[in-house]
Amino acid sequence: MTKLTWFRLGGRARYLFRPRDEKQLSKLLLCTRREGVPVKVLGAGANVLVSDDGFDGVVVRLDAPAFKRVLQDGDRCRVGAGVDLMPFAREQSYEGRTGLECMAGIPATVGGATRMNAGGAHGEFSDVVKTVRVVSRDGTTEDRPSDVLEFGYRRSKLDGLIVTSVELELPDGDPQRTRNRFDEIMAGKVESQPIAENSAGCIFKNPPGHAAGALIDRAGLKGTSVGDASVSERHANFIVAGKSATASDVIALIDVVRERVSKEFDIDLEVEVDIWRPTTQGSLVLWRS
Ligand SMILES: Cc1cc2nc3c(=O)[nH]c(=O)nc-3n(C[C@H](O)[C@H](O)[C@H](O)COP(=O)(O)OP(=O)(O)OC[C@H]3O[C@@H](n4cnc5c(N)ncnc54)[C@H](O)[C@@H]3O)c2cc1C
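Draft legend 1. View of the sheet that holds strand S6 (residues 76-80). Spatial strand order, S5-S6-S11-S9-S10: five strands in an open sheet with antiparallel pairing. This sheet does not close on itself; its edge strands, each paired only once, are strand S5 (70-73) and strand S10 (141-145). Averaged over all adjacent pairs, the angle separating strand axes in this sheet is 15°, with direction ignored. Inspection of the sheet shows strand S9 (residues 129-135) paired to strand S11 (residues 162-169) by six bridges, in the antiparallel sense. Its bridge partner being in S11, Val135 is matched across the sheet by Ile162. Running over the sheet, helix H1 (residues 22-35) touches S9, S10 and S11 and is turned about 55° from S9.

Structure, rendered in C-alpha cells:
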C-alpha cells in the first residue's frame, strides 16, 4: 500500500480489485459478502493510514475509464468517483463555475472527497453535491439525495457504501473571480502546509471551539518525533513521514500527541485519518454481514 497512499506507508493488501464498471463492482461485492471477505475502497489515499501488517482483504480502486467520466449539462455535472478532484476543481474554477474553488490544495478523488466531505474554512464538498450514486454491500445501486446523507464536519452517512459518481451543481460566475479565488486558496495552502511531504493532511479533527493545530503547537509538540515520523514544523496538525518511517511510528506519535494535549488542555483529539489496522483477530473488517 506504500504506492497507493500519500503517507507512502503500510503493508500489502491481499487483493487489489480495479473494476471495469459498476456492474463488475456489484458482482465483486456480492461475491465477497458471500465469502465473508473484507473489502475497503481507496481513493487517492490522501486520508488513509494502512498498518504495517497491511490489509487481509480486497482493496477496491475506481480508476477505470467508467469511473472517470464527466458529463456536463448546464450548471449540473455528473462526475465519476475516480476523477482526480483538484485538476477538475481548477478547470471548473478557471472556466467560471462556482463552488469548487475551496477544493484547491486538497488531494482527493471525487469518491473520497464525498465520503470525507472534504473542505475547510472556505467551504465543503457537500455544498455542491446534489445526489450521490452508491453501490451497497449487496450489490444494488442507488442514487441518494445529498440531504439524506447527513454531511457534517469531515463525515457523511456513507459507511459501508461505495460511491461511484456524484451529481454536482456548479452555477456560472465571473471567471476572473473564480479563478483568482482558486489561486488564492491554493497559494495559502502552499504557504501554510507541508504539501510536498508524505502525510495525510490534518491528522486530527478540530475539537469544538478549538483548532487542533494550535493546541498541538501550544503543547510544544512541533518537531516531536517517533522513529522517522514527526509533527510538522510548518503545520502542527500534520504528521509527516520520513523515508524510513513506518505506520507504527505514525500511530505511536498520534498517541503521544493525544496524551499530551489531553494532559495540557483536558481535550480529547479525535483522529481524522482513516486508520486501516488489524483487528484483534488479525484481520481487517469493513463490513460485517
Ligand atoms: C497535503 C494534504 C492536504 C490535505 N488537506 C485537506 C483539507 O484541506 N481538507 C480536507 O478535508 N482534507 C484534506 N486532506 C485529506 C484528504 O485530502 C481528504 O480527506 C480527501 O477527501 C481524501 O480523498 P481520497 O480520494 O484520497 O480518499 P482516501 O484517502 O483514499 O479515502 C478516505 C476515506 O474515504 C473512503 N473512500 C474513498 N473512496 C471512496 C468511494 N468511492 N466511496 C466510498 N468511500 C470512499 C475510504 O475508504 C476512506 O475511508 C489533505 C491531505 C493531504 C495529504
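Draft legend 2. Just the state of the cysteines, in detail. Taken as a whole and judged by the stated rule, the model has zero disulfides. Here Cys77 stays free of any disulfide, with the sulfur of Cys102 as its closest cysteine sulfur at 15 Å. Here Cys77 falls in the buried class, since its relative accessible area comes to 0%.

Draft legend 3. Looking closely at the layout of surface pockets. Within this model, the second largest pocket holds a volume of roughly 210 Å³. Lining the second largest pocket, in full, are Asp21, Glu22, Ala66, Phe67, Arg69, Leu71, Arg78, Val79, Gly80, Arg133, Thr164 and Ser165. Residue assignment for the lining of the second largest pocket shows that the elements contributing at least two residues are S6 and S11. Here the element with the most residues in the lining of the second largest pocket is S6; it accounts for three residues. Residue composition of the lining of the second largest pocket, by class: four nonpolar, three polar and five charged.

Draft legend 4. Up close: the nonpolar core. Ranked by internal contacts, the top residues of the largest apolar core, which has 43 residues, are Phe88, Leu100, Met103, Phe125 and Leu168. Counting only elements with at least two residues in this core, the list comes to H1, strand S4 (55-61), S6, helix H2 (85-94), helix H3 (110-116), S9, S11 and helix H4 (175-192). If we skip the residues at most four places from it in the chain, Met103 touches Leu85, Met86, Ala89, Ala118, Gly119, Gly123, Glu124 and Phe125. Core analysis: the next-biggest nonpolar cluster, separate from the first, contains 28 residues, Leu49, Ile254, Val261 and Leu269 among them.

Draft legend 5. How the structure looks around unusual backbone geometry. For Asn117, which is not glycine, the phi torsion reads 45° and is therefore positive. Residue placement: Asn117 occurs in the loop between H3 and strand S7 (119-120). One non-glycine residue, Glu150, adopts positive backbone phi at about 45°. Mapped onto the fold, Glu150 is located in the loop between S10 and S11.

Draft legend 6. Representation of the domain arrangement of the protein chain within the structure. Segmenting the protein chain into domains produces domain 1 (67-191) and domain 2 (202-272). In this structure, domain 1 and domain 2 have C-alpha centres spaced 28 Å apart. Counting residues at the interface gives six residues for domain 1 and four residues for domain 2. For the pair domain 1 and domain 2, the interface holds zero salt bridges. The interface formed by domain 1 and domain 2 contains two residue pairs in polar contact (both at pLDDT 80 or more). Across the side of domain 1 that touches domain 2, the residue classes tally to three nonpolar, no polar and three charged.

Draft legend 7. Main features of the side chain of Asn47. Structurally, the position occupied by Asn47 is in the loop between strand S2 (39-42) and strand S3 (48-50). Of note is the side chain of Asn47, whose polar atom sits 3.3 Å from the backbone oxygen of Glu272. Here Asn47 is in contact with Met116, Ala200, Glu272, Val273 and Asp274, once residues within four sequence places are set aside.

Draft legend 8. Broad picture of H2. Leu85, Met86, Phe88, Ala89, Gln92 and Ser93 are the residues of H2 that are buried. Down the axis of H2, the sector holding all buried residues measures 160°, keeping them to one side. Packed against the buried residues of H2 are S5, S6, H3, S11 and H4. Backbone geometry just downstream of H2 places Gly96 in the positive-phi region, at approximately 95°.

Draft legend 9. Just the site of the ligand, in detail. Of all residues adjacent to the ligand, which total 33 residues, the nearest are Val41, Gly43, Asn47, Pro107 and Asp274. One of the backbone N or O atoms of Ala44 is found 2.9 Å from an oxygen atom in the ligand. Ala46 is positioned with one of its backbone polar atoms (N or O) 2.9 Å from an oxygen atom of the ligand. Contact with the protein chains hides 96% of the accessible area of the ligand, taken as 970 Å² for the molecule alone. Put simply, the parts of the chain that give the shell around the ligand at least two residues each are S2, H3 and S11.

What counts, and at which threshold
- Residues numbered from 1 in each chain as written.
- Predicted model: local features only at pLDDT ≥ 70, side-chain atom pairs only at ≥ 80, totals over all residues.
- Heavy atoms only, no water.
- Pairing = 2+ DSSP bridges.
- Helix = DSSP H or I, 4+ residues; strand = E, 2+ residues; numbered from the N terminus.
- Axes fitted to C-alpha atoms, helices over the stretch in contact; angles between N-to-C directions.
- Contact = heavy atoms within 4.5 Å.
- Disulfide = S-S within 2.5 Å.
- Buried < 20%, exposed > 50% of the residue type's maximum accessible area, 1.4 Å probe, protein only.
- 1 Å grid on protein atoms, 1.4 Å probe; cavity = no way out; pocket = protein on both sides within 12 Å on 5 of 7 lines; lining within 4 Å.
- Points joined across faces, edges and corners; volume = space filled by probe spheres on them.
- Nonpolar A, V, L, I, M, F, W, Y, C, P; charged D, E, K, R; others polar.
- Core = buried A, V, L, I, M, F, W, Y, C linked by side-chain atoms within 4.5 Å.
- Domains from an automatic or database assignment.
- Salt bridge = Lys/Arg side-chain N within 4 Å of Asp/Glu carboxyl O.
- Polar contact = N/O pair within 3.5 Å; in protein donor to acceptor, adjacent residues only side chain to side chain.
- Arc of directions from axis to C-beta.
- Near = heavy atom within 4 Å.
- Areas by Shrake-Rupley, 256 points an atom, 1.4 Å probe, with all protein chains shown as cover.

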